[in-house]
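Inside the fold
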Amino acid sequence: MKKIILLLTISLISTSIWAQIDLGGDLQKKLKGKTKFQEIKQISLDHFNELSRTVNSSDRKKNKYVSKNLKHLNRKFWIDEFYVNSDGTPGNRGQIDYEAILKSKSQDKTLKSAQQSPWVLEGPVNMTTSDITIGDGIGRFDHIAFHPTNSNIMWAGSPVGGLFKTTNGGTNWTALTSYLPSIGVAGIAVHPSNPNIIYVLSGDSNSSSGWFGRDFRAGNQGIFKTYDGGSTWESIGLDNKRMRDILIHPTQANIILVATDDGIFRSTNSGDTWIGSTTDLTTDIEFKPGNPDIVYAVSSNRFYKSTDGGITFNHKIISNLTDFAGGRIVIGTTPHNSNRVYLFSGPGLDLDNDGDDDAFRGFFSSTNSGESFTRITQTPGLFTSTQGIDVPNDQSDYDIAIAVNPLNENEIFVGGLVVWRTTNGGISWNQVSSYWDNFLLTNYMHPDIHDLQYNPLTNQLFCANDGGIYRRDISTFDWIPVYNGLSAATFFRFEIEDDNGKLWGGAQDNGIMIQSSGSSFFNYNGGDGYDVMTDHFYDVDNGNSNDVFYSMNKTICKDRIGNNCTIGVPENDTIGEFFAELAMSPVDEEEIYAGYNHGLYFSDNAGGDWEKVASGPAGWCITSCRNRDKLIYFAGGGSSIRLSRWDGSLGIPGFETNLTANLMAAGYNANLKISDIDVSRTDFTKVYISVGGTDNNSKLFSSVNSGNSWQNLSFNLPNVPIFCVKTDETNGIYAGTSIGVYYLPFGSSNWQPFYNGLPNVAVTEI
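Values in this document were obtained by computation on a predicted structure and should not be read as measured data.

This paragraph deals with the pairing of strand 23 (residues 401-404). Alternating positions in strand 23 separate into two faces, Ala401 and Ala403 on one and Ile402 and Val404 on the other, with burial throughout. Relative to strand 24 (residues 412-415), strand 23 runs antiparallel, the two sharing 4 bridges. Each bridged residue has a counterpart across the sheet, and for Ala403 the counterpart in strand 24 is Phe413.

Structure, rendered in structure tokens:
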């Protein structure tokens, strides 16, 4: 019987390389005129690594600034590296996938499929606790919307998971957009009298639009509209615009306003056509409560006001906001006092590289419908993660939110890394959610706050963040997770069993996640989880499955025993590379490998000591041969891309063979990322390589002589990145692409669709 293929998928991990990254003036100069992805990546990482080496260890603020940017750069480059064009320039991820889906799904109808049963969601769709839990989270959500008359019906939008609906106040959720060509949600608007009509902005509203950011546009494919509550959808325009917010006129529902990076667009015919009202980047728009003829909008340092329903806008440069550029502002209003307008402002770019990008620019108030503003306060740092610690962690272009109590104009909640509350109109503030779940702080909620919304029918406050959806309890003021059924965890890698025989993997923002039972998971460790590995008896001849290994950010860990779990490569302490690739010997679980772009490392005592056995790039993928000890294939890239074979059985450090030229002879495009390597279960000479990027002739290759020569198996694969490859016992080949799974039977030259029941997401491991 053929084994069931276990699969985890991710939607695009980020929608902009620069979403949370401060380019800084010096880095801008270094990047000016650069167009090749590898060059852009190397210059950017070198810049911040050099800062890391020179900053004083006692300068906590500067160190935080550097480490934050390094983390976000590594995270963004990881996904965008798959979308490099054939000439080596960075590609538009959303456009590449969108066009391929429309083309492939039509063509694939004529192809025979080998798939006999549909894919089934394995999870996580719920989170449980554990005695080693570090926080919790189901995945990133950015937007919340409510039913106009039924308080139990809500919608939640994720830039990596699509649109979800609950009919019981968040106890359970169901997906509505799994099979749309673009599943990122950048905004939600529900028709005020017919809630079966819903508008969804595609893409990611929380990403940078500053210098250079536009060259890396997010997956924005316009606005989608449904007339039947989400069963079917149609595209209604504004393609390839980064969209931030959407409003429907409360009494004339044919009038719709959309805030974009290219200004405000207005429709008077329910989205059939659009006319631009402004051209300035707009980050937020709001109607004046009770008077939709008055519309407020903000850019980086301007406040806009319309008195004709959004046809025309007048703007004013707000006092105290003119000394910075590129910041982000959100607007707060309340029906309790319709003349009150609040502005919560993040900083601009750190153009002089002094680490001061994270200064809180201020909380502003207007009592005359935005005709004038007063800065109420600039303290405490509302973008910090912990009250009383003056080390701001601003990333307001990624997470910033505000909500004003509909019944009390003086009670306001704002969000950055955590949530803060004022009861006196912004004069003083208290932190009301904690960043760390260490069982000492109350009111823990997953950090990175993207949306705060009151349900107008119940006056309950809801929050969308990197962990999911939460509700603030009216009586206890605790944050209650209400994300059962949401599914937006962004996994990099997974293993089919941990020590206890449970599925587990590494996820962005939600660390190492382990299956507890059914589709429920728990967080094993926090941060950005990446690769995971276990000493299974079926992977290792003498394996006993009592050790687990995983990589997170810069660290490699074995199990998780207090603070003694780190087994990282010492050299990486100074280089600081993220996301180590892991592999294990097929005969001895003590023999493990770690790959970085600065080399391949080997340990014969489970990470107690490491030896560098090959220099140069090994940071994309490592595969050990299951039927020959110490034979490793690895690939990576920096200034150059390389595929190599290392044979440790010939001695340590062993003998490395560069296979890149052999692969290029078969059609491999050396500008593109080698994404995965698979070796036959029965014959170590049979090797398979998958490739990212957009080159029709450079997708997937096989070798029957250990990489000395290659056959090009790209055939009819869609021109999208191939994330992973896996062979079965019949020598059939599975390819995980950015739009689903394809299968190539042995001896065939036609790839077959294998995505029945699988949403349109990137498949990163099979």
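This part is about the sheet that holds strand 24. A sheet is described by the order of its strands in space; here 4 strands give the open sequence 23-24-25-26, paired in antiparallel fashion. Each edge of the open sheet is held by one strand with a lone partner, namely strand 23 and strand 26 (430-431).

Taking 1.5 Å as the rise per residue, helix 4 (residues 93-107) with 15 residues should run 21 Å; its terminal C-alpha atoms sit 21 Å apart, in good agreement. Regarding helix 4, the residues found buried are Arg93, Gly94, Ile96, Asp97, Tyr98, Ala100, Ile101 and Ser104. In this structure, the buried residues of helix 4 make contact with helix 3 (60-80), strand 9 (223-226), strand 10 (234-235) and strand 52 (740-744). The N-cap of helix 4, judged by a side-chain oxygen 2.9 Å from the amide nitrogen of Gln95 a few residues on, is Asn92.

A separate point is the packing of aromatic side chains. Going through the model one piece at a time under the given rule, you end up with 29 aromatic pairs. Between Phe141 and Phe164, the ring centres sit 5.6 Å apart and the planes meet at 65 degrees, which makes this aromatic pair edge-to-face. A residue pair is termed long-range when its members are at least 10 positions apart, and Phe141 in the loop between strand 2 (126-127) and strand 3 (143-146) and Phe164 in strand 5 (residues 162-166) qualify at 23 residues. The pair formed by Phe141 and Phe164 is uniform in burial state, with each residue classed as buried.

Attention now goes to the confidence of the model for the protein. In the predicted model, the protein carries a mean pLDDT of 85, and the fraction of residues at 70 or more is 89%. Across residues 209-218, confidence stays below pLDDT 50; counting only partners more than four residues off in sequence or on other chains, it has 36 contacts.

Burial runs high along strand 27 (residues 449-455): 6 of the 7 residues are buried. In the sheet, strand 27 pairs with strand 28 (residues 460-465) via 6 bridges, with the strands oriented antiparallel. Bridge pairing links Ile449 to Asn465 in strand 28. What sits between strand 27 and strand 28 in their antiparallel hairpin is a turn of 4 residues, with Asn459 showing a positive phi close to 65 degrees.

Look at the link from Gly123 to Pro124: it is a cis peptide, with omega at 0 degrees. Looking at where Pro124 falls in the secondary structure, it is placed in the loop between helix 4 and strand 2. Here Thr379 and Pro380 are connected by a cis peptide whose omega angle stands at -10 degrees. Among the secondary structure elements, Pro380 is positioned in the loop between strand 22 (374-377) and strand 23. With phi around 60 degrees, Phe579 is a residue other than glycine that occupies positive phi space. Take Phe579: it is sitting in the loop between helix 5 (572-575) and strand 38 (581-584). Taking relative accessible area as the criterion, Phe579 reaches 5% and is therefore assigned buried.

Rules and cut-offs
- Residues numbered from 1 in each chain as written.
- Predicted model: local features only at pLDDT ≥ 70, side-chain atom pairs only at ≥ 80, totals over all residues.
- Heavy atoms only, no water.
- Buried < 20%, exposed > 50% of the residue type's maximum accessible area, 1.4 Å probe, protein only.
- Helix = DSSP H or I, 4+ residues; strand = E, 2+ residues; numbered from the N terminus.
- Pairing = 2+ DSSP bridges.
- Expected span 1.5 Å × (residues − 1).
- Contact = heavy atoms within 4.5 Å.
- Polar contact = N/O pair within 3.5 Å; in protein donor to acceptor, adjacent residues only side chain to side chain.
- Phe/Tyr/Trp six-rings, centres within 6.5 Å; stacked < 30°, edge-to-face > 60°.
- pLDDT = per-residue confidence, 0-100.

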